[in-house]
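Coordinate inspection notes
One letter stands for each residue in the lines below.
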Amino acid sequence: MVRSVRLAFVLAPVLALPAFATTWTVDDNGPAQFTTVDAAQAAAQFGDVILVAPGTYPAFHLTKSLQVLGPASGSPPHFSGTSTVVGPTLFTLAGLSLEVLQVSNVSGRGVIDECVMAANNHAAVLKIANCDSLVVTRCSITGTQGYGGFEAAVEATDTWLEWSDNSVDRKSV
């Protein structure tokens, strides 16, 4: 049941994208079209899907209206460092493991679903700014509590945010 719900939620934004979308594959050590999300994005067009196999990858920097999806089951692909989403009209990130994610200037609807975000050296592992509509659901987010304990694991400014079924935690350093 959970799998069908996830597919329905992830596929909802797809229905708004062109019917001629291409699916690109990324694998850090296997037979795929690309070894990084940034390389796949360079080839992708509006509405395309990037499927990422389990493995360890450098941070990505999404600027196009795309979907970046991990596998429906098994280990999610892990992205080291600070990944960014800046300026697309639409985007979906689902089934990914990220150290830090910064999302800004999304003029349409963005979706972050079933992602794990955790970093030992960053207070805010999810930073959101200037987004017209952002949905964050079923994510696990863990930041670190810095000096004085004032930092939060999530920071959001000037954004319409739909937030559901997420867990947020701060570890003391």
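In this text the structure is predicted, and so the values were computed from the model without any measurement.

**Focus: the confidence of the model for the protein**
Across the protein, the average pLDDT comes to 87, with 82% of residues at 70 or higher. In the model, residues 1-15 has pLDDT below 50 throughout and makes 24 contacts with residues more than four positions away in sequence or in other chains.

**Let's talk about a nonpolar patch on the surface**
On the surface, Leu161, Trp163 and Val168 cluster together into a nonpolar patch covering about 240 Å² of accessible area. Along the chain, Leu161 turns up in strand 13 (residues 154-164). With relative accessibility at 30%, the residue Leu161 sits in the partly exposed group.

**What to know about the pairing of strand 11 (residues 126-137)**
As defined by bridge partners, strand 8 (residues 97-104) adjoins strand 11 across four bridges and the pair is classed as parallel. Considered in strand 11, the bridge of Gln102 is made with Lys127. As defined by bridge partners, strand 9 (residues 109-113) adjoins strand 11 across five bridges and the pair is classed as parallel. Within strand 11, the position partnered with Ile112 by the bridge is Val136. Bridge count for strand 11 against strand 13 is nine bridges, and the pairing is parallel.

**What to know about the pairing of strand 7 (residues 91-94)**
Every second residue of strand 7 is oriented toward a common face, with Phe91 and Leu93 on one face and Thr92 and Ala94 on the other, all of them buried. Across three bridges, strand 5 (residues 67-69) lies against strand 7 in parallel orientation. In the sheet register, Gln67 faces strand 7, and the bridge partner there is Thr92. Pairing geometry for strand 7 and strand 9, over four bridges, is parallel. Bridging from a neighbouring strand, Thr92 pairs with Val111 of strand 9.

**Things to note about the environment of Thr89**
Inspection of the secondary structure assignment puts Thr89 in the loop between strand 6 (78-86) and strand 7. On a C-alpha basis, the gap between Thr89 and Phe46 in space is 9.3 Å, while along the polypeptide they are 43 residues apart. Ignoring any residue separated from it by four or fewer positions in sequence, one finds Thr89 in contact with Ser65, Val106, Ser107, Gly108 and Arg109.

**Comments concerning the environment of Val26**
With respect to the helices and strands, Val26 occurs in strand 1 (residues 23-26). Taking the C-alpha atoms as reference points, Val26 and Thr36, separated by 10 residues in sequence, lie 6.0 Å from one another. When residues no more than four places from it in sequence are discounted, the contact partners of Val26 are Ala32, Phe34, Thr35, Thr36, Val37, Ala40, Ile50, Leu51, Val52, Ala53 and Tyr57.

**Brief notes about the environment of Lys64**
Positionally, Lys64 belongs in the loop between strand 4 (61-62) and strand 5. When the C-alpha positions of Lys64 and Val86 are compared, they lie 8.3 Å apart, and in sequence the two are 22 residues distant. With residues near it in sequence (within four places) discarded, Lys64 still touches Gln41, Ala42, Ala44, Pro88 and Leu90. One polar contact links the side chain of Lys64 to the main-chain carbonyl oxygen of Ala44, over a distance of 2.7 Å.

How each quantity is defined
- Numbering of residues starts from 1 in each chain and follows the order in which that chain's sequence is written.
- Reporting in this predicted model follows two pLDDT cut-offs: at least 70 for local features of residues, and 80 or more for side-chain atom pairs to be given and counted; totals over whole chains, interfaces and linings ignore these cut-offs and use all residues.
- In computing side-chain values, all of the structure's heavy atoms are included and hydrogens and water are not.
- Each residue carries a pLDDT value, the predictor's own confidence for that position, ranging from 0 to 100.
- When checking whether two residues touch, look at their non-hydrogen atoms; a contact exists if any pair is within 4.5 Å.
- Exposure above 30% relative accessible area and no salt bridge define the residues that can form patches, which grow by joining like charges within 9 Å and nonpolar side chains of Val, Leu, Ile, Met, Phe, Trp and Tyr within 5 Å.
- Using a 1.4 Å probe, accessible areas were evaluated by the Shrake-Rupley method; residue-level cover was limited to the displayed protein chains.
- Put simply, a salt bridge is a Lys or Arg side-chain nitrogen that is within 4 Å of an Asp or Glu carboxyl oxygen.
- Per the convention used, a helix needs a DSSP run of H or I reaching at least four residues, while a strand needs a run of E reaching at least two, with both numbered from the N terminus.
- Three labels apply to residues, based on accessible area from a 1.4 Å probe with only protein chains included: buried if under 20% of the type maximum, exposed if over 50%, partly exposed otherwise in between.
- Whether two strands pair comes down to DSSP finding at least two bridges between them.
- Nitrogen and oxygen atoms within 3.5 Å of one another constitute a polar contact, given that in protein one can donate a hydrogen and the other can accept it, and given that sequence-neighbouring residues count only through two side-chain atoms.

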